[in-house]
Amino acid sequence: RMLLGRLTAAGSSMQPMPNLLRQWLYRGLLHDLDFENCHPCFMLGLVKKHRPQTWERDAPRLAHYVAHRHAFLDEVACHYELPGAGHKAGRDLAKLGILVAMNGGELTYWRKKAKSPVSPLKPELPSLLQLQREARWVRDTIVFVESAFAPAIPKLVADLRELKRNRGRTEEELRRSAFAYALG
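Residues numbered from 1 in each chain as written. Predicted model: local features only at pLDDT ≥ 70, side-chain atom pairs only at ≥ 80, totals over all residues. Heavy atoms only, no water.

Attention now goes to helix H4 (residues 60-67). Among the residues making up H4, those that are buried are Leu62, Ala63 and Tyr65. For H4, the angular spread of buried residues about the axis comes to 160 degrees, placing them on one side. Looking at the buried positions of H4, the neighbouring elements they touch are helix H2 (38-50), helix H3 (55-58), helix H5 (69-79), helix H6 (88-102) and helix H8 (126-146). (Buried < 20%, exposed > 50% of the residue type's maximum accessible area, 1.4 Å probe, protein only. Helix = DSSP H or I, 4+ residues; strand = E, 2+ residues; numbered from the N terminus. Arc of directions from axis to C-beta. Contact = heavy atoms within 4.5 Å.)

This is the structure we're talking about:
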């Protein structure tokens, strides 16, 4: 069995406990860290580390998203006329679109899942497409070639290919999975 994916605690644990209860029970004893926007921040950190002189030119949309997350989510929600646009519900649906874009998924699939009433003929949001291109560049250039993760990627892709659930998956789909595992 391959140990991939999110690890969860077995037995008694604080992990599945609601946040407010955990804060009340452990107040003064523990610090609860919330990793909101973790993957985009991690990706931008990798770009800054590997491209200290050119990161602003190499990943401007990623840097903009990290710095102005709520405005970017609202822009996505408005462009696709998502239910609850301008509110938390719309931002939550837009966040799924961001994750799909950053992990190399199909935006048309996300649009259907998010129940966007916008015609499929309407072009994708240019800033979302730019974010997707930059995320792919981070994956293919920095994570897969230059980072500390790079030596492990070929074996990870090979291991993913061997899993029964991945039969018939394209090389691109396996690379997207390897990227998600490397960052997650």
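Attention shifts here to H5. Along H5, the residues that are buried comprise Arg69, Phe72, Leu73, Val76, Ala77 and His79. Where the residues of H5 are buried, they touch H4, H6, helix H7 (107-113) and H8. Phi for Glu81, located one or two positions after H5, is positive at around 50 degrees.

Inspection of the secondary structure assignment puts Lys122 in the loop between H7 and H8. A residue is classified by how much of its surface remains accessible, and Lys122, at 31% relative accessible area, is partly exposed. For Lys122 and Tyr80, which are 42 residues apart along the polypeptide, the C-alpha to C-alpha distance reads 9.1 Å. Those residues in contact with Lys122 that sit more than four places away from it in its chain are His79 and Arg111. Among the polar contacts made by the side chain of Lys122, one reaches the main-chain carbonyl oxygen of His79 at a distance of 3.0 Å. (Polar contact = N/O pair within 3.5 Å; in protein donor to acceptor, adjacent residues only side chain to side chain.)

What follows is about the nonpolar core. Counting residues in each nonpolar core, the largest one holds 39 residues, and the members touching the most others are Met43, Leu62, Val76, Ile98, Leu128 and Leu131. Of all the elements in the fold, those that place two or more residues in this core are H2, H4, H5, H6, H7, H8, helix H9 (153-162) and helix H10 (171-183). With seven residues, H8 is the largest single contributor of residues to this core. In this view, Leu131 contacts Arg61, Leu62, Tyr65, Phe72, Ile98 and Met102; residues no more than four positions away in its chain are not counted. (Core = buried A, V, L, I, M, F, W, Y, C linked by side-chain atoms within 4.5 Å.)

For the protein, the average pLDDT comes to 88, and 92% of its residues sit at 70 or higher. Of all secondary-structure elements in the protein, the lowest mean pLDDT belongs to helix H1 (residues 19-25), at 83, while H4 reaches the highest, 97. Below pLDDT 50 for its whole length, residues 1-5 participates in seven contacts with residues either more than four positions away or in separate chains. (pLDDT = per-residue confidence, 0-100.)

The computed volume of the second largest pocket comes to approximately 360 Å³. Along its surface, the second largest pocket is lined by His39, Leu99, Val100, Asn103, Gly105, Glu106, Tyr109, Glu173, Arg176, Ser177 and Ala180. Mapped by element, the contributors of at least two residues to the lining of the second largest pocket are H6 and H10. The leading source of residues in the lining of the second largest pocket is H10, at four residues. Residues belonging to the lining of the second largest pocket are distributed by class as follows: four nonpolar, four polar and three charged. (1 Å grid on protein atoms, 1.4 Å probe; cavity = no way out; pocket = protein on both sides within 12 Å on 5 of 7 lines; lining within 4 Å. Points joined across faces, edges and corners; volume = space filled by probe spheres on them. Nonpolar A, V, L, I, M, F, W, Y, C, P; charged D, E, K, R; others polar.)

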